[in-house]
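# Analysis of the macromolecular model
Listed below are the residues making up each chain.
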Amino acid sequence: MKENIKPTGLAILCDSSGNISQLLRDDLGFEEVLEVGKPFTSIVERGNMVKALNFLVELRTKKAVFDWQMNVDVNGEFSTLHFAGAAKDDYFLVIAAKDGNGVMTLYEEMMRISNEQVNELRASLKDRSELVRRQEEKDRKFYDELTRLNNELANLQRELVKKNMELERLNEQKDRFLGMAAHDLRNPLGAILMYGEFLETEAAGVLDETQMEFISIIKSTSEFMLQMVNDLLDLAKIESGKLELELQHADLVELALRNVRLNQPIAHRKNMELVFHSRDERIDMVIDTGKISQVFQNLISNAIKFSHPGTLIDVRVEKRPEGAFAAVRDQGQGIPEDQLEGLFRPFQKTGVKTTGGEDSTGLGLAIVRKIVEGHGGQIGVKSKVGIGSEFSFRLPG
């Protein structure tokens with residue numbers, strides 16, 4: 001009887017920009033060097049960086065790639081690993097092993113786990129569909145009885161149902177078109193951004209000042225457009241009632257501190273001080289870490305965009321009897337009181353301008369509000385013109 005040997009290797013999740021978002025499996029000793037938020041290309045040897053970028057571009061284009069060989073740093077020694085990957089929704093699954101057979105075996109195992117989850121979801125959807133079908137049968141009998149009692153009223157009701165169904169169909173077509181258009185735009189924009197970042201890093205000292213400025217414009221413009229596309233996709237999914245939360249136990253203090261560290265370089269470039277405070281060592285919560293991280297990222301980046309150089313931005317979290325409290329306070333321009341009410345609606349912008357010429361899609365705070373409310377929490381803002389603003393949210397615990 002053939003013994004089943006468990007495959008060994010590395011499995012990570014990357015976001016649509018090629019940045020590491022989660023370490024799923026590590027049998028090769030990468031845990032100490034892999035950092036969430038860093039680009040996938042950071043784990044390969046410098047000479048293989050272009051190949052790693054092409055790997056991500058082909059993965060984005062073809063949805064699946066197999067047996068790419070790249071040199072990586074494993075425990076201080078360079079070694080050649082075999083890579084494979086699959087693009088699923090808005091993330092990449094990247095797998096590596098020491099040989100081709102190993103990477104294929106590990107790939108099949110990871111895909112099997114994913115397929116099992118999909119099958120469970122399909123079974124659940126089938127059960128729900130049956131319940132909906134039975135409810136529809138009851139509704140039809142009810143409407144037939146109403147028709148018998150009052151034909152004129154029944155005709156009006158049928159016409160109303162028909163109009164509602166047509167409106168729902170048109171609304172679904174609109175959401176589907178928006179989703180397809182955004183997906184089609186996201187892939188080329190992601191490729192443009194990756195190559196722009198690569199050129200900005202590798203071509204420094206080779207190109208003249210004007211050429212480097214062109215590259216910087218390409219990078220910043222594609223980055224803004226990619227952010228807008230991602231925000232549109234997030235908002236379309238949320239507005240259609242498809243806000244899916246992957247709840248897990250997490251430390252809110254560690255999550256907030258991680259986002260502060262990620263934004264420190266941006267704050268320093270504008271000569272701002274970004275500090276973090278918490279009187280609690282840990283705040284254990286059951287949350288979707290990716291989406292709550294998106295909340296912190298949006299609030300902190302907004303504070304940086306709308307504050308003047310030389311000011312302080314304070315991020316704090318604390319445990320309260322009703323749950324957890326988090327706030328981002330700046331010493332920026334402040335927001336007029338009559339403009340506060342519409343802040344959390346889509347495409348709403350205030351008359352306050354960013355201090356560094358940064359762009360804003362007008363969608364971030366609307367998405368943040370939906371995420372917080374999806375967790376059963378509340379979000380709010382306090383602001384005074386010339387003094388600053390504080391955006392805060394509460395999560396039940």
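So, here is what we can say about the structure in this document.

What counts, and where the lines are drawn
- Residues numbered from 1 in each chain as written.
- Predicted model: local features only at pLDDT ≥ 70, side-chain atom pairs only at ≥ 80, totals over all residues.
- Heavy atoms only, no water.
- Pairing = 2+ DSSP bridges.
- Helix = DSSP H or I, 4+ residues; strand = E, 2+ residues; numbered from the N terminus.
- Axes fitted to C-alpha atoms, helices over the stretch in contact; angles between N-to-C directions.
- Left-handed = near helix turned anticlockwise from the far one by under 90°.
- Contact = heavy atoms within 4.5 Å.
- Nonpolar A, V, L, I, M, F, W, Y, C, P; charged D, E, K, R; others polar.
- Salt bridge = Lys/Arg side-chain N within 4 Å of Asp/Glu carboxyl O.
- Buried < 20%, exposed > 50% of the residue type's maximum accessible area, 1.4 Å probe, protein only.
- Core = buried A, V, L, I, M, F, W, Y, C linked by side-chain atoms within 4.5 Å.

Looking at chain direction, strand E11 (residues 378–384) and strand E12 (residues 388–396) are connected through seven bridges and run antiparallel. Within the sheet, the bridge partner assigned to Ser383 lies in E12 and is Ser389. Between E11 and E12, which follow one another and run antiparallel, lie three residues, and Gly386 among them has a positive phi close to 85 degrees.

Moving on, we come to the packing of helix H5 (residues 252–269) against helix H6 (residues 289–305). Each pair of packed helices gets described by two things: the angle between the helix axes and the distance between those axes. Across the interface, H5 lies against H6 with an axial gap of 9 Å and an inter-helix angle of 35 degrees. For the pair H5 and H6, the sense of crossing is right-handed. Seen from H5, the contacting residues are Leu252, Leu255, Ala256, Asn259, Val260, Asn263, Ile266 and Ala267; seen from H6, they are Thr289, Ile292, Ser293, Phe296, Gln297, Ile300, Ser301 and Ile304. Its residues assigned to classes, the contact of H5 with H6 comprises 10 nonpolar, six polar and no charged.

Here we take up the pattern of salt bridges. Side chains that carry opposite charge are capable of pairing whenever their charged atoms lie near each other. Tallying each qualifying case throughout the model produces 13 salt bridges. Between Arg282 and Asp251 there is a salt bridge, and its shortest N-O distance comes to 3.7 Å. A residue pair is termed long-range when its members are at least 10 positions apart, and Arg282 in the loop between strand E7 (273–277) and strand E8 (284–287) and Asp251 in strand E6 (residues 248–251) qualify at 31 residues. For the salt bridge of Arg258 with Glu254, the shortest nitrogen-to-oxygen distance reads 2.8 Å. Here Arg258 and its partner Glu254 are both found in helix H5, four residues apart, which amounts to about one turn of the helix. Given a relative accessible area of 30%, Arg258 falls into the partly exposed group. A network of salt bridges, in which partner residues are shared, links Arg25, Asp27 and Glu109.

Our focus in this paragraph is the nonpolar core. Membership of the largest hydrophobic core comes to 39 residues, with the highest contact counts inside it found for Leu252, Ile287, Ile292, Phe296 and Phe393. Among the secondary structure elements, those contributing two or more residues to this core are H5, E8, H6, strand E9 (312–320), strand E10 (323–330), helix H7 (364–374) and E12. Broken down by element, the residue count for this core peaks at seven residues, all from H6. What Ile287 contacts, discounting residues up to four positions off in sequence, is Glu246, Leu247, Gln248, Ala250, Leu252, Leu255, Ile292, His375 and Leu395.

It is at 10 Å that the axes of H6 and H7 come closest, and there the two elements cross at 145 degrees. The chirality of how H6 crosses H7 is left-handed. Between H6 and H7, the residues in contact are Lys291, Ile292, Gln294, Val295, Asn298, Leu299 and Asn302 and Gly364, Leu365, Ile367, Val368, Ile371 and Val372, respectively. Classifying every residue of the contact of H6 with H7 gives eight nonpolar, four polar and one charged.

A separate point is unusual backbone geometry. A positive phi angle, near 75 degrees, is found at Lys63, a position not held by glycine. Within the element layout of this structure, Lys63 appears in the loop between helix H1 (49–62) and strand E3 (64–74). A relative accessible area of 43% places Lys63 in the partly exposed class. Residues other than glycine seldom take positive phi values, yet Asp67 does so here, at roughly 50 degrees. With respect to the helices and strands, the residue Asp67 is situated in strand E3. Judged by its relative accessible area of 40%, Asp67 is partly exposed.

The topology assignment puts Asn298 in helix H6. Residue Asn298 is classed as buried on the basis of its relative accessible area of 15%. Discounting chain neighbours no more than four positions away, the residues touching Asn298 are Gly364, Leu365 and Val368.

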